[in-house]
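A look at the structure
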Amino acid sequence: MSSHPLSRRGFLSVGALSGLGLGLADFLAIRESAAAENLYETPPQVAKSVIHIFLPGGLSAQESFDPKPYAPIEYRGELRAIPTKITGESFSELLPKTAQLADKLTVVRSLTHGEAAHERGQHNMMTYYRPSPALQFPSMGSVVSHEQGPRNNLPGYICVPNAPNPYASSGYLSSAYAPFALGDAPERAGFKVRDLNHPGGIDHSRAMRRRQALEIVNRQFTSQTTSDDVHAMSSFYERAFDLIDSPAAREAFNLEAEEGKVRDRYGRNQAGQRMLMARRLVEAGARFVTLSYGGWDHHQQVTTNMRRNMPAFDQGYAALIADLEERGLLGETLVLVSSEFGRTPKINADGGRDHWSKVFSVVLAGGGTKRGAVVGSSGPTASDPEETPISPEDLATTIYHQLGIPANKELMSPGGRPVEIVNGGKIRPELLG
């Protein structure tokens, strides 16, 4: 067993950055939390990056990754099931491209958590904790940023285009570990990431003079104190300057650098361009990228809505998985597709499906997960996990394990309370290659 506790337990309580024209306060807030002194075993790192594709609203598994072709029409819906590269398994007819690379995926058809309200379901699937009035839990992206830090001058945690919900943030951790949001949609003509350039009227030489002046002030200030908090402040300023002044980091956000045929392959739409941006970011060194696409809260006309939303997802997702494989990145990049819950087994009077959290599907690829696997079952009508139920805690523990992060490690929350990264989850070997 190995332990890697940090000595500091206090939180920094310092105001947001100002006067630099950076606009990166959410990313560079000057506070830092420490780990509690519990024992844990650090697993070897397999996955170096995560792309989390979050489909807000509650994706219907029956119209996507878990069709029920032999159920009565009021359960199976109007869409056909089509064969996949996994022998004997089918996807919805709306996923033809994804079906042809199913041999690279792990489809979990038995995720269950029991929280059927959007906010609570989102909290569960972003933080892997049940909501608590006493504590705000950090998202997985923020935990990864806290544990592993930035790489290649890129933020450790990035959201495309913005955080998909309030629970995608840093919770009780410092806001330094909140996501860096692009602030603009990659599919938009004239797309431009905010905060990557010096403010108007500030050229490189002037910015460097400001940086040198700041360093002089910092040296004077820090020489008069031994506080770890004060010394830590300089590192956040340095990170801001490094991001702006790194051509490689800025280039990672430059979608125009992609050949037209690549952009066409992903699809010049919301899903495709966001997934292409995610690939560029992890290829450049980003550790955790969350992207959101569409709206999947289909209480009415689920078939019509799925026909409208799913084809762009199918094209972009299939392109992403194939592109990562071709570039030799899939083995070290874990791609997760999830939503806050699923939809009711039976279609309602409005031709839609309502909220259903007893059982739904998530999909993993890469990062050492099993290839060509279907794990668990939702039974003949997608009512309950019939076999191999998997909790959000199990899912998170398994992902953290692949990232080389011990899920039972304690982090220190406000008031000196140690909190495990995940409470009670298990590594699920069924998901791993």
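Below: a short report on this structure. Note that the structure is predicted; figures quoted are calculated from it, not measured. Along each chain, residues carry numbers from 1 onward, in the same order as the chain's sequence is written. Only residues with pLDDT of 70 or above have their local features reported here, since the model is predicted, and side-chain atom pairs are shown and tallied only from 80 upward, although totals for entire chains, interfaces and linings are computed over all residues. Only hydrogens and water are set aside; all other atoms, that is, all heavy atoms of the structure, feed into the side-chain values.

On to the packing of helix H10 (residues 270–284) against helix H11 (residues 302–326), then. Running from N to C, H10 and H11 point in directions that differ by 20°, and their axes come no closer than 8 Å. For the element pair H10 / H11, the angle class is roughly parallel. Both H10 and H11 take part in a crossing whose hand is right-handed. Side by side, H10 and H11 meet where Ala271, Gly272, Met275, Arg279 and Val282 of the first sit next to Ala312, Phe313, Gly316, Tyr317, Leu320, Asp323 and Leu324 of the second. For helices, the axis comes from a line fit to the C-alpha atoms of the stretch in contact; other axes are also lines fit to C-alpha atoms, and the angle between any two N-to-C directions lies between 0 and 180 degrees. Only runs of H or I of at least four residues qualify as helices and only runs of E of at least two qualify as strands under DSSP, and these elements are numbered from the N terminus. Roughly parallel means an angle under 35 degrees; roughly antiparallel means over 145; roughly perpendicular covers 65 to 115; every other angle is labelled oblique. Each crossing is labelled by how the near helix is turned from the far one, with a counterclockwise turn of less than a right angle marking it left-handed and a clockwise turn marking it right-handed. Whether two residues are in contact is decided by their heavy atoms, any of which lying within 4.5 Å being enough.

Turning our attention to the environment of Leu196. With respect to the secondary-structure elements, Leu196 resides in the loop between strand S6 (180–181) and helix H6 (204–222). Sequence separation between Leu196 and Arg250 is 54 residues, and the spatial gap between their C-alpha atoms is 6.5 Å.

For salt bridges, the criterion is a side-chain nitrogen of Lys or Arg within 4 Å of an Asp or Glu carboxyl oxygen. Taken as a whole and assessed by the stated rule, the structure comprises 26 salt bridges. Among the salt bridges present, the one from Arg327 reaches Asp323, with a minimum N-O distance of 2.8 Å. Think of it in three bands: residues with accessible area under 20% of the maximum for their type are buried, residues over 50% are exposed, and the middle band is partly exposed, with areas taken using a 1.4 Å probe on protein chains only. By relative accessible area, which is 36% here, Arg327 ends up partly exposed. In this structure, Arg371 engages Glu325 in a salt bridge whose closest nitrogen and oxygen atoms are separated by 2.8 Å. Of this pair, Arg371 sits in the loop between strand S11 (360–365) and strand S12 (373–375) while Glu325 sits in helix H11, and the two are 46 residues apart along the sequence. Classification of Arg371 as partly exposed rests on a relative accessible area of 42%. Residue classification places Glu325 among the partly exposed residues on the basis of a relative accessible area of 29%.

This brings us to the nonpolar core. Ranked by internal contacts, the top residues of the largest apolar core, which has 59 residues, are Ile53, Phe253, Phe313 and Tyr317. Considering every element that reaches this core, the biggest residue donor is H11, with 11 residues. Discounting residues that sit within four places of it in the chain, Ile53 has contacts with Met275, Leu291, Phe313, Tyr317, Leu320, Val335, Leu336, Val337 and Ser338. Take the buried residues of types Ala, Val, Leu, Ile, Met, Phe, Trp, Tyr and Cys, join any two whose side-chain atoms come within 4.5 Å, and each joined set is a nonpolar core. Ranked by size, the runner-up nonpolar core spans 40 residues in total, among them Phe54, Leu111, Phe288 and Leu336.

That bond from Val160 to Pro161 is cis: its omega, -5°, falls within 30 degrees of zero. Among the structural elements, Pro161 can be located in the loop between strand S5 (157–160) and S6. Positioned with a positive phi, Asn153 is a non-glycine residue whose angle comes to about 65°. On the secondary structure map, Asn153 appears in the loop between helix H5 (140–148) and S5.

The next point concerns the packing of H5 against helix H12 (residues 392–403). Relative orientation of the contacting elements H5 and H12 amounts to 30°, with a least axis distance of 12 Å. Considered as vectors, H5 and H12 are oriented roughly parallel to each other. Helix-helix and strand crossings are classified by hand; for H5 and H12 the assignment is right-handed. For the pair H5 and H12, contact is made by Met140, Val143, Val144 and Gln148 and by Ala396, Ile399, Tyr400 and Leu403, respectively. The residue classification treats Ala, Val, Leu, Ile, Met, Phe, Trp, Tyr, Cys and Pro as nonpolar and Asp, Glu, Lys and Arg as charged. All others, Gly included, are polar. Looking at the contact of H5 with H12 residue by residue, the classes come out as 7 nonpolar, 1 polar and no charged.

We now examine the packing of aromatic side chains. The aromatic pairing rule takes the rings of Phe, Tyr and Trp, using the six-membered ring of Trp, and pairs them if the centres are within 6.5 Å, calling planes under 30 degrees apart stacked, those over 60 edge-to-face and the rest tilted. Taken as a whole, this structure holds 8 aromatic pairs when the rule is applied. For the pair Phe65 and Phe91, a centre-to-centre distance of 5.3 Å together with 80° between the ring planes defines the contact as edge-to-face. Here Phe65 is found in the loop between strand S1 (49–54) and helix H2 (73–76), whereas its partner Phe91 is found in strand S3 (residues 90–92), with 26 residues between them in sequence. Of the two residues, Phe65 and Phe91, both sit in the buried class. Cluster of aromatic residues (ring-pair linked, three or more members): Phe65, Phe91, Phe313 and Tyr317.

Let us now look at the pairing of strand S8 (residues 333–338). In terms of burial, S8 is a largely internal element, 6 of the 6 residues being buried. The two faces of S8 match: Thr333, Val335 and Val337 on one face and Leu334, Leu336 and Ser338 on the other face are all buried. Alignment of S1 against S8, held across 6 bridges, turns out to be parallel. Across the sheet, residue Ile51 finds its bridge partner in S8, namely Val335. In this scheme, strands are said to pair when DSSP sees at least two bridges between them. By the bridge criterion, 3 bridges tie S8 to S11 in an arrangement that is antiparallel. Each residue of the ladder has a partner; that of Val337, found in S11, is Val363.

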